[in-house]
Amino acid sequence: MIHLNVHYCDEIIRHAENDKYSLIGIFPDICHIPTPQAILGRLCLSVSFSAEGMDIQTMKTRQIFLEIVRNDDVISALEIPSYDGSDTEENVSFMLHQTISGLPVSDNDRIYVRMKTHNHILSESRPLFFSWLPYHS
């Protein structure tokens, strides 16, 4: 099984020591927007995933892609390099950060990340929903 987890936030700061990161302004499951249609200046995604069992073999032998999806449209796609670890590992994990600038969103839009091969979805993250609340304007 492949576990895919995404933290959506305003900013990701990489610290100089110990490969630590700080996520600033983490969104729970919803991002309120000031108008029914808005453009986000920046949305950062901290993506982590782990694989175990036969999925490790899939990561070694198949082309794997991470896609950032808004509603049903792919807005970014990244190819994950083949995993070349040993055959004795029971679990592997990875982390990457992606920043999207100037993202147009509307009330009730959603964004999420999915991991797939060319023709099969391996895993999907929980979505971040966008909601316009008139009294927040």
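A few points on the structure. Note that the structure is a prediction, hence the values are computed from the model and not measured.

1. Some points on the overall build of the chain
For the chain, the helix and strand inventory stands at one helix and eleven strands. Counting from the amino terminus, helix and strand elements in the chain follow one another as β-β-β-β-β-α-β-β-β-β-β-β. The principal-axis extents of the C-alpha atoms in the chain amount to approximately 55 × 40 × 20 Å. The buried share of the chain, taken over its 137 residues, is 39%.

2. A word on the pairing of strand β5 (residues 37-52)
Pairing geometry for strand β1 (residues 2-9) and β5, over eight bridges, is antiparallel. Its bridge partner being in β5, V6 is matched across the sheet by V47. In terms of strand pairing, β5 meets strand β8 (residues 91-106) through 15 bridges, oriented antiparallel. Looking at the pairing, E52 lines up with N91 of β8.

3. A few points about the nonpolar core
Formed by 32 residues in total, the largest nonpolar core has its most connected members in Y8, L43, L45, I111 and F130. Taken together, the elements giving at least two residues each to this core come down to β1, β4 (30-33), β5, α1 (54-61), β6 (64-70), β8, β9 (110-116) and β11 (128-132). The dominant element in this core, judged by the number of residues it contributes, is β5, at seven residues.

4. A word on unusual backbone geometry
One non-glycine residue with positive phi stands out, namely N18, at about 65°. Among the secondary structure elements, N18 is positioned in the loop between β2 (11-14) and β3 (21-24). A relative accessible area of 60% places N18 in the exposed class. Even without being a glycine, N108 presents a positive backbone phi close to 75°. Among the structural elements, N108 can be located in the loop between β8 and β9.

5. Topic: empty space enclosed by the protein
For the structure shown, the criterion picks out one cavity of 30 Å³ or more. Empty space within the largest cavity amounts to approximately 40 Å³. At the level of secondary structure, the elements contributing two or more residues to the lining of the largest cavity comprise β6 and β8. It is β6 that provides the largest number of residues to the lining of the largest cavity, a total of three residues.

6. Comments concerning α1
If you check which residues of α1 are buried, you get D55, I56, T58, M59 and K60. On its buried side, α1 packs onto β1, β5, β6, β8 and β10 (121-124).

7. A closer look at the sheet that holds β1
Taken in spatial order, the three strands of this open sheet run β1-β5-β8, and their pairing is antiparallel. Strands with a single pairing partner mark the edges of an open sheet, and in this sheet they are β1 and β8. Strand-to-strand twist of the sheet, defined as the mean angle between neighbouring strand axes without regard to direction, takes the value 20°. Docked against the sheet, α1 engages β1, β5 and β8, running at close to 115° with respect to β5.

What counts as what
Residues numbered from 1 in each chain as written. Predicted model: local features only at pLDDT ≥ 70, side-chain atom pairs only at ≥ 80, totals over all residues. Heavy atoms only, no water. Helix = DSSP H or I, 4+ residues; strand = E, 2+ residues; numbered from the N terminus. Buried < 20%, exposed > 50% of the residue type's maximum accessible area, 1.4 Å probe, protein only. Pairing = 2+ DSSP bridges. Core = buried A, V, L, I, M, F, W, Y, C linked by side-chain atoms within 4.5 Å. 1 Å grid on protein atoms, 1.4 Å probe; cavity = no way out; pocket = protein on both sides within 12 Å on 5 of 7 lines; lining within 4 Å. Points joined across faces, edges and corners; volume = space filled by probe spheres on them. Contact = heavy atoms within 4.5 Å. Axes fitted to C-alpha atoms, helices over the stretch in contact; angles between N-to-C directions.

Interpretation in functional terms is not warranted from these geometric data alone.
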